[in-house]
Amino acid sequence: IAGCCKTPGSQKAWVYRTLAGDDHASYIAALRKEGYRINTVDFHGRAQPPGSGWGAFLRTSQSGVVYFVTHSSATGISLQSFAREADASTALARVQARYDAGDIAWWQESNGTWWMDATPQGISNHWQSNDTIVHAASCYSITLAGSFAAREYFGYTGITSASVAKPHTDKLWRRLTG
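Note that this is a predicted model, so its numbers are computed, not measured.

When helices and strands are counted, the protein chain shows six helices and nine strands. Its C-alpha atoms give the protein chain a radius of gyration of 16 Å, near enough to 16 Å, the size a compact globule of 178 residues would have. Along the longest, intermediate and shortest principal axes, the C-alpha atoms of the protein chain span 45 × 30 × 30 Å. Looking at the protein chain as a whole, 46% of its 178 residues are labelled buried. Pairs at least 24 apart in sequence give 68% of the contacts found in the protein chain among residues at least 6 apart. Approximately 8,500 Å² of the protein chain is accessible, and the part contributed by carbon and sulfur atoms is 52%. The protein chain carries 16 positive and 13 negative side-chain charges, and their two centres are separated by 9 Å.

Dropping the structure here:
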């Protein structure tokens, strides 16, 4: 298959994490072995400036490899969470001024946490990298594959978790990096 074994042009790799779990450890180890520079966006349990999730997401574009550990669904991939509605409103004001209304979605978890998502439209409009391998260890993430337009995309058709994703991640990255 033409291009199946081509290494991405960029040696930059990202872990984008908003949820707990260690399923990305084998990904990091495999890519370090291959000489990738690993960057981490870790929003899990950490307060971040409202709206900074969108900027962090855009920085993952044009990379060699990206691994997402977050929520997702057919309506988008979660970029940042907010414990208070006021923080979510501040973030909305910051990103609304720069992006189309259809690029961003908001939802609230049953525990009251607010989430900012990049919608399929937002991903397509702003995340551009047809030479990137994307691995989205998040629920229903396969529904977003076309929006990323990445060279390779690995995602899930249903509900997943760190414990479900870990053996798949270990196997995938062991195979890809030898």
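With that settled, the discussion passes to the pattern of salt bridges. Counted according to the given criterion, the structure contains four salt bridges. Asp87 serves as the salt-bridge partner of Arg84, at 2.9 Å between the closest nitrogen and oxygen. Residue classification places Arg84 among the partly exposed positions, given a relative accessible area of 48%. Across the pair Arg151 and Asp131 runs a salt bridge, and its minimum N-O distance is 3.5 Å. Separated by 20 residues along the polypeptide, Arg151 in the loop between helix 5 (145-148) and strand 9 (152-154) and Asp131 in the loop between helix 4 (120-126) and strand 8 (133-136) bring together distant segments of the chain.

Its twelve residues give helix 3 (residues 85-96) an end-to-end C-alpha distance of 16 Å, which sits within 8% of 16 Å, the value for a rise of 1.5 Å per residue. Here helix 3 has its buried residues at Ala88, Ala91 and Val95. On an axial view of helix 3, the arc spanned by its buried residues comes to 60 degrees, and they lie on one face. Among the structural elements, helix 2 (52-59), strand 5 (76-82), strand 6 (104-108) and strand 7 (114-118) are those in contact with the buried residues of helix 3.

All right, on to the sheet that holds strand 2 (residues 37-42) then. Strand order in the open sheet formed by five strands is 2-1-3-8-9, with parallel pairing between adjacent strands. Whereas interior strands pair on both sides, the edge strands pair on one side only; in this sheet they are strand 2 and strand 9. Pairs of neighbouring strands in the sheet enclose a mean axial angle of 10 degrees, with direction left out of account. Of the pairings in the sheet, the one linking strand 8 to strand 9 comprises three bridges and is parallel in character. From the neighbouring strand, Val134 faces strand 9, where its bridge partner is Tyr153. Its contacts with the sheet put helix 1 (residues 25-33) on strand 1 (12-17), strand 2 and strand 3 (65-69), and the angle it makes with strand 1 is roughly 170 degrees.

About the cut-offs
Residues numbered from 1 in each chain as written. Predicted model: local features only at pLDDT ≥ 70, side-chain atom pairs only at ≥ 80, totals over all residues. Heavy atoms only, no water. Helix = DSSP H or I, 4+ residues; strand = E, 2+ residues; numbered from the N terminus. Rg over C-alpha atoms; globule rule 2.2 N^0.38 Å. Buried < 20%, exposed > 50% of the residue type's maximum accessible area, 1.4 Å probe, protein only. Contact = heavy atoms within 4.5 Å. Areas by Shrake-Rupley, 256 points an atom, 1.4 Å probe, with all protein chains shown as cover. Lys, Arg positive; Asp, Glu negative; His and termini not counted. Charge placed at Lys NZ, Arg CZ, Asp CG, Glu CD. Salt bridge = Lys/Arg side-chain N within 4 Å of Asp/Glu carboxyl O. Expected span 1.5 Å × (residues − 1). Arc of directions from axis to C-beta. Pairing = 2+ DSSP bridges. Axes fitted to C-alpha atoms, helices over the stretch in contact; angles between N-to-C directions.

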